[in-house]
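Results of the structural survey
Given next are the chains, with one letter for each unit.
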Amino acid sequence: MSLDFNALAQQFTEFYYNQFDNDRSQLGNLYRNESMLTFETSQLQGSKDIVEKLVSLPFQRVTHRITTLDAQPASPNGDVLVMITGDLLIDEEQNPQRFSQVFHLIPEGNSYYVFNDIFRLNYSA
């Protein structure tokens, strides 16, 4: 069976950021107890701690605008690596913040879950 990893990455990314932008408290089903999030300098493990971190972020409204999306198969088991760059529009801010994010997706039944999630804001030098 051939996995269309690019289509999977596109579908996952659209779902993830739509959910994040509308109600990030509902992202827990995408993570497992062994999942890890690195958010800037914070590392968290487990879906409960990850969602608590995402919900505690200091903004009410956010919109992700994707600039680039790259994907690769990560193992013969069907894992997929997804790298995203884009802009964040936060609350009433007029100037977007640049970000990059990497997901390592693991197959589980007919779906995937996030095993690794690495997020960084990209600041100008």
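Think of each chain on its own: its residues are numbered from 1, step by step along the sequence as written. Where totals are concerned, whole chains, interfaces and linings use all residues; where local detail is concerned, this predicted model gives features only for residues with pLDDT of at least 70, and gives and counts side-chain atom pairs only at 80 or more. Note that the side-chain values use all heavy atoms of the structure and ignore hydrogens as well as water.

In the nomenclature of an unreviewed UniProt entry, the chain is known as Nuclear transport factor 2 of Zygotorulaspora mrakii. For the chain, the Function (unreviewed entry) comment in UniProt is given as "Has a role in nuclear-cytoplasmic transport of proteins and mRNAs." UniProt positions are given in the numbering used here, feature names are shortened, and annotations may be inferred rather than shown by experiment.

Time to look at the overall build of the chain. In terms of helices and strands, the chain carries two helices and six strands. The globule rule used here is 2.2 Å times the number of residues to the 0.38 power, and the radius of gyration it is set against is calculated over C-alpha atoms. Against the globule reference of 14 Å for 125 residues, the chain gives a C-alpha radius of gyration of 14 Å, in line with a compact fold. Its C-alpha atoms put the chain at 45 × 30 × 25 Å along the principal axes. Three exposure classes are used, based on accessible area relative to the maximum for each residue type with a 1.4 Å probe and protein chains only: buried under 20%, partly exposed in between, and exposed over 50%. The 125 residues of the chain split such that 42% are buried. Pairs at least 24 residues apart make up 48% of the contacts formed inside the chain by residues separated by at least 6 positions. The helix count covers DSSP runs of H or I at least four residues long, the strand count covers runs of E at least two residues long, and both are numbered beginning at the N terminus. We call two residues in contact when some of their heavy atoms are within 4.5 Å.

For the rest of this paragraph, the subject is unusual backbone geometry. Its identity as a non-glycine residue notwithstanding, E40 has a phi of 55 degrees, on the positive side. Turning to its location among the elements, E40 is positioned in the loop between β1 (31-39) and β2 (42-45). At D91, a position not held by glycine, the phi torsion is positive, near 45 degrees. Here D91 lies in the loop between β4 (80-90) and β5 (97-108).

Another point: the environment of S25. Mapped onto the fold, S25 is located in the loop between α1 (5-23) and β1. With 13 residues separating them along the chain, S25 and F12 place their C-alpha atoms 17 Å apart. Dropping the residues within four chain positions of it, S25 is found in contact with V51 and V55. Whenever two N or O atoms come within 3.5 Å, that pair is a polar contact, provided that in protein one can donate a hydrogen and the other can accept it, and provided that, for residues adjacent in sequence, both atoms are side-chain atoms. A polar contact of 2.5 Å, which involves the side chain of S25, links it to the side chain of D23. At 3.4 Å, the side chain of S25 forms a polar contact with the side chain of Q26.

Turning our attention to the UniProt feature "domain: NTF2" (unreviewed entry) in the chain. Under the UniProt annotation, "domain: NTF2" (unreviewed entry) lies at residues 8-121. Counted over residues 8-121, helix gives 22% and strand 52%. Its end C-alpha atoms are 24 Å apart.

When DSSP locates at least two bridges between a pair of strands, those strands are taken to pair. As paired elements, β1 and strand β6 (residues 111-122) share five bridges and run parallel to each other. Looking at β6, one finds that F39 is bridged to F119.

As a further point, take the sheet that holds β5. Sheet architecture is open: six strands sit in the order β2-β1-β6-β5-β4-β3, paired in mixed fashion. Sheet topology places β2 and β3 (62-73) at the edges, where each strand pairs with a single neighbour. Between one strand axis and the next, the sheet turns by 15 degrees as a mean value, whatever way the strands run. Both β5 and β6 contribute to a ladder of 11 bridges, which runs antiparallel. When the bridges of β6 are listed, V102 appears paired with I118. Axis geometry follows a simple rule: fit a line to the C-alpha atoms, using only the stretch in contact for helices, then measure angles between N-to-C directions, giving values from 0 to 180 degrees. Across the sheet, α1 is in contact with β1, β3, β4, β5 and β6; its angle to β3 comes to roughly 155 degrees.

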